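The primary structure of each chain is shown beneath.
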Amino acid sequence: MTILITNIKELLQVRDETILKVSGNQMKLLPSIKNAYLLIENDTIVDFGDMSDATGIIANQTIDAKGKLVLPTWCDSHTHIVYAGDRSQEFVDRINGLSYEDIANRGGGILNSAKTLQNTSEDDLYNQSVIRLKAVMKLGTGAIEIKSGYGLTTDAEIKMLRVIKRLKKDFPIKVKATFLGAHALPIAFKDNKQGYLDQIINDMLPQIAKENLAQYIDVFCEKGYFDLDDTAQILKAGQEYNLTPKIHVNQFNAFGGIALAVKHEAISVDHLEELNNEDIIALKDSNTMPVALPSCSYFLSIPYTPGRQLIDAGLPLALATDYNPGSTPSGNMNFVVSTACIKMKLTPEEAINAATINGAYAMGISNQYGSITKGKKANVIITKPVSSYNYLPYAFGDNHIDTVIINGEIV
Ligand SMILES: [Zn+2]
């Protein structure tokens, strides 16, 4: 099966296969070809170039993209889309004056989601999650990381990870799984945090490894949740099962979690709304990708990650949704890209780089995803006719997507 896309107004994010992430000033560049074609064979990008060189190419299906842009699908490296129910009541509580922490302290928040999930069957959880996965694919996401962390018991964490594994098998979208047992302290361990850490290390991790249910290990490293010592214990234990660290850190407080993650060779550090100089120094010369989640800042009215400062310091930056029932009930990467431009002062080039190649890097898949490169997976967005790529983040809230192709299949 071959698909030829012709008359592309501008083919964006055209990269050499050796580029796995872009940092600092390089993020201001978005290599492209105007008036281009793109050829897909089965699940792979096999050729592209100037339209004048497309004569004679025959394909099973031809898509005329006159006036339209083509770019790689979004790579959303941080989500919690497997969850049960929703927390719209807490949304109203926050409107009426309660803070995220107030709600957590009275048994709401993550513990509320965990209670609901524990009482939901695996099939029901799968069906609820499928609806969200299909929706984000339609919005142009072609690779996604999904975390556990709303189970908080061995059975419920395994249930979540099995659902993620089923999603990975049943859909063309690339799925990476992260074990986030240390998301919150369950009520049963309210006065025995070490007891819960022991359960994660001695009970959950061996089972997850046995069923090969996760590639990454995550911790909510935050005051009132898991401190530096707790985080180090979990990361070390995960690494013994070949799970790479990828952690929630610096959302509300900066206290050295980033340096700890870098020391444990984390593939990414996510949130970073609170950031100090030591954090930036720790990230320099590391292989760890900083990940900003602007939809979360928008929804919670907390500060935005200082992405400008990170990029100006020569660092890379990735953008992700944080799609979850509590702090970001939205998986729309188009909104994330707009919000990064509007609120974090990223240029459209920087935001698109952050949401494609760097997002892929934060999932360890940028050798196969995140750019228009021969040999990479055929994951592309064809936009509606637009004046330029600047228009995508500029006209926020509109859906600019005409067609999404994931793994060579039109979604
Ligand atoms: Zn998160």
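Data block above holds the structure.
Residues numbered from 1 in each chain as written. Predicted model: local features only at pLDDT ≥ 70, side-chain atom pairs only at ≥ 80, totals over all residues. Heavy atoms only, no water.

Caption draft 1: The pattern of salt bridges, seen in detail. Inspection of the entire model under this criterion finds 16 salt bridges. E90 is the partner of R87 in a salt bridge, and the nearest nitrogen-oxygen pair spans 2.8 Å. Residue R87 shares its accessibility class with E90, and that shared class is buried. As a salt-bridge pair, D312 and R308 come within 3.0 Å of each other at their nearest N and O atoms. Here R308 and D312 lie together in helix α11 (residues 307-312), a separation of 4 residues that amounts to about one turn. On the accessibility criterion, R308 (21% relative accessible area) is partly exposed. Among the charged side chains, a network of salt bridges with common partners joins K28, R308, D312 and E350. (Salt bridge = Lys/Arg side-chain N within 4 Å of Asp/Glu carboxyl O. Buried < 20%, exposed > 50% of the residue type's maximum accessible area, 1.4 Å probe, protein only. Helix = DSSP H or I, 4+ residues; strand = E, 2+ residues; numbered from the N terminus.)

Caption draft 2: Focus on unusual backbone geometry. Phi is positive for L272, which is not a glycine, with a value near 60 degrees. Mapped onto the elements of the fold, L272 is located in the loop between β11 (268-271) and α9 (277-283). Residue classification places L272 among the buried residues on the basis of a relative accessible area of 0%. Residues other than glycine seldom take positive phi values, yet D322 does so here, at roughly 65 degrees.

Caption draft 3: Region of the structure containing the packing of helix α4 (residues 122-138) against helix α5 (residues 154-170). Viewed as axis vectors pointing N to C, α4 and α5 meet at an angle of 50 degrees, and their least axial separation amounts to 10 Å. One element, α4, and the other, α5, form an angle in the oblique class. As α4 packs across α5, the resulting crossing turns out to be right-handed. For the pair α4 and α5, contact is made by E122, D123, L125, Y126, S129, V130 and L133 and by K159, M160, R162, V163, R166, L167 and D170, respectively. (Axes fitted to C-alpha atoms, helices over the stretch in contact; angles between N-to-C directions. Parallel < 35°, antiparallel > 145°, perpendicular 65-115°, else oblique. Left-handed = near helix turned anticlockwise from the far one by under 90°. Contact = heavy atoms within 4.5 Å.)

Caption draft 4: The coordination of the zinc ion, seen in detail. Only H78 (NE2), H80 (NE2), H248 (NE2) and D322 (OD) from the protein coordinate the zinc ion, and they sit 2.1 to 2.2 Å from it. Coordination at the zinc ion is irregular, judged from the 4 donor atoms that bind it and the angles of 85 to 169 degrees they form at the metal. Positions of the donor residues of the zinc ion, expressed as sequence spacing, correspond to H-x1-H-x167-H-x73-D. Taken together, the residues span a long stretch of sequence, with H78 in the loop between β6 (74-76) and α1 (88-95) and H248 in strand β10 (residues 244-249) at a distance of 170 residues. Each member of the pair H78 and H248 is classed as buried. (Donors = N, O, S within 2.8 Å, 3.2 Å for Na, K, Ca; no water. Tetrahedral: all angles 85-135°; square planar, octahedral: opposite > 155°, others 65-115°.)

Caption draft 5: Representation of the packing of helix α12 (residues 333-344) against helix α13 (residues 348-355) in the model. Put simply, α12 and α13 touch, their axes get as near as 9 Å, and they point 140 degrees apart. When the interaxial angle is binned, α12 and α13 end up oblique. Crossing geometry of α12 relative to α13 is assigned as right-handed. Facing M333, V337, A340 and C341 of α12, the residues of α13 in contact are P348, A351, I352 and A355. Taken together, the residues of the contact of α12 with α13 break down into 8 nonpolar, no polar and no charged. (Nonpolar A, V, L, I, M, F, W, Y, C, P; charged D, E, K, R; others polar.)

Caption draft 6: Looking closely at the packing of aromatic side chains. With the rule as written, the count across this model stands at 6 aromatic pairs. Summarising the aromatic geometry, the rings of Y83 and Y323 are spaced 6.4 Å apart at their centres and angled 75 degrees between planes, so their arrangement reads as edge-to-face. Here Y83, found in the loop between β6 and α1, pairs with Y323, found in the loop between β13 (318-319) and α12; they are 240 residues apart in sequence, far enough to count as distant. The burial state of Y83 is the same as that of Y323; both residues are buried. Ring centres of Y391 and Y394 lie 5.5 Å apart, and the angle between their planes is 55 degrees; on these two criteria the pair is classed as tilted. Here Y391 and its partner Y394 are both found in helix α15 (residues 391-394), 3 residues apart, which amounts to about one turn of the helix. Assessed through its relative accessible area of 62%, Y394 is described here as exposed. Just above the ring of Y83 sits the side chain of R132; from NZ or CZ to the centre is 3.5 Å. The ring of Y126 has R166 sitting right over it, with the charged end atom 4.1 Å from the ring centre. (Phe/Tyr/Trp six-rings, centres within 6.5 Å; stacked < 30°, edge-to-face > 60°. Lys NZ or Arg CZ within 6 Å of the ring centre and 35° of its normal.)

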